[in-house]
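# Report on the structure
Each chain, letter by letter, is given below.
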Amino acid sequence: GDSPCAAFDKVDPFVKLPSEVHADGWLSESEVEGLALYINPQYLVKSSVERIADKFVDDSHIQLYKFLNDALVDQLSKQIHDKDEEEGMFEGVIPPYESGVGGAWKMRGPTHKQRYLEMTCDAGGDLFSNLKECFGSPAFQKLLSYMTKVTLTSSRSCVRRFRPGLDYTLA
């Protein structure tokens, strides 16, 4: 069996997609509407995505500023702030190491490189669960394929939570 440290350091494997995702044409109207619940509308315009794809092909990376839509960011920020406040994150002292662990949230490491909380199960209609579902959707995979001009064969996604004063990643 795995030691507690091995389980703590575990990285989830890539999941093979049922079929390859290679963007052809453009997203359907219903795909755009579904993605618009989460993603900034400027990233759902074909001409914008074509410019992003050209940049990705030239530079092998892209940085998407304000990728999530503003309404969702406001809701997520409030939910995170309320949870952090509930756990005593703003009381002027370093909160307990275990703050936020439990329920859907599990600690991840290894501590010599990183520490954060990861959502390990569906929190049942929670905004984070809905966002994770969006990022795993065929429409989102298609959008990624358009943005990168890459055929997708597998995927991996997770929702991470970095607690103020407790969590970090090191380069």
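What you are looking at is a predicted structure, and each value in this text was computed from that prediction instead of being measured.

Along the protein chain, the regular secondary structure elements total six helices and six strands. Overall, the protein chain is about 50 × 40 × 30 Å in size when its C-alpha atoms are taken along their principal axes. For the protein chain, the share of sequence-separated contacts (at least 6 apart) that also reach a separation of at least 24 residues comes to 69%. A total accessible area of about 10600 Å² is found for the protein chain, and carbon and sulfur atoms account for 55% of it. Side chains of the protein chain carry 19 positive and 26 negative charges; the gap between the two charge centres is 5 Å.

In this section: the environment of Tyr116. Structurally, Tyr116 can be placed in strand β3 (residues 114-119). Put simply, Tyr116 and Val101 are 15 residues apart on the chain and 9.8 Å apart in space, counted from C-alpha to C-alpha. Ignoring anything within four residues of it in the chain, the contact list for Tyr116 reads Lys106, Met107, Arg108, Arg160, Arg161, Phe162 and Asp167. One polar contact links Tyr116 to Arg160, side chain to side chain, over a distance of 3.5 Å.

Our focus in this paragraph is the environment of Ile39. Summarising the element assignment, Ile39 is placed in the loop between α2 (29-36) and α3 (46-59). The sequence separation of Ile39 and Phe67 amounts to 28 residues, and the corresponding C-alpha distance is 5.9 Å. If we ignore the near neighbours within four places in the chain, the residues touching Ile39 are Leu44, Phe67, Leu68, Asn69, Phe140 and Leu143.

Next up on the list: the nonpolar core. With 27 residues, the main nonpolar core has Leu35, Ile39, Phe67, Trp105, Leu143 and Met147 as its most contacted residues. Within the residue set of this core, elements represented by two or more residues are α3, α4 (70-86), β2 (105-108), β3, α5 (127-135) and α6 (138-148). Tallying contributions element by element places α6 first for this core, with five residues. Ignoring sequence-local partners within four residues, the contact set of Phe67 consists of Tyr38, Ile39, Asn40, Tyr43, Phe135, Phe140 and Met147.

Moving on to the pairing of β2. The sheet contact formed by β2 and β3 spans four bridges and is antiparallel. Across the sheet, residue Lys106 finds its bridge partner in β3, namely Glu118. If you look at the hairpin formed by β2 and β3, you'll find five residues sitting between the two strands.

Bringing the side chain of Arg161 into the picture now. Structurally, Arg161 can be placed in strand β5 (residues 160-161). The exposure class of Arg161 is buried, given its relative accessible area of 7%. Polar contacts involving the side chain of Arg161 include one to the side chain of Glu87, which spans 3.1 Å.

A few words on the confidence of the model for the protein chain. The predicted model of the protein chain has a mean per-residue pLDDT of 85, with 90% of residues at 70 or higher. At the low end of the mean pLDDT range in the protein chain sits helix α1 (residues 4-9), at 52; at the high end sits α2, at 96.

The next subject is α4. The terminal C-alpha atoms of α4, which comprises 17 residues, lie 24 Å apart, in line with the 24 Å expected from a rise of 1.5 Å per residue. For α4, every residue scored as buried is listed here: Leu72, Leu76 and Asp84. All buried residues of α4 project into a common sector of 95° when viewed along the axis, lining one side. For α4, the exposed residues set more than 90 degrees away from the buried face come down to Asp74, Lys78 and Glu86. Those residues of α4 hidden inside the fold are in contact with α5 and β5. Its side-chain oxygen placed 3.3 Å from the backbone nitrogen of Ala71, Asn69 serves as the N-cap of α4.

Conventions used here
- Residues numbered from 1 in each chain as written.
- Predicted model: local features only at pLDDT ≥ 70, side-chain atom pairs only at ≥ 80, totals over all residues.
- Heavy atoms only, no water.
- Helix = DSSP H or I, 4+ residues; strand = E, 2+ residues; numbered from the N terminus.
- Contact = heavy atoms within 4.5 Å.
- Areas by Shrake-Rupley, 256 points an atom, 1.4 Å probe, with all protein chains shown as cover.
- Lys, Arg positive; Asp, Glu negative; His and termini not counted.
- Charge placed at Lys NZ, Arg CZ, Asp CG, Glu CD.
- Polar contact = N/O pair within 3.5 Å; in protein donor to acceptor, adjacent residues only side chain to side chain.
- Core = buried A, V, L, I, M, F, W, Y, C linked by side-chain atoms within 4.5 Å.
- Buried < 20%, exposed > 50% of the residue type's maximum accessible area, 1.4 Å probe, protein only.
- Pairing = 2+ DSSP bridges.
- pLDDT = per-residue confidence, 0-100.
- Expected span 1.5 Å × (residues − 1).
- Arc of directions from axis to C-beta.

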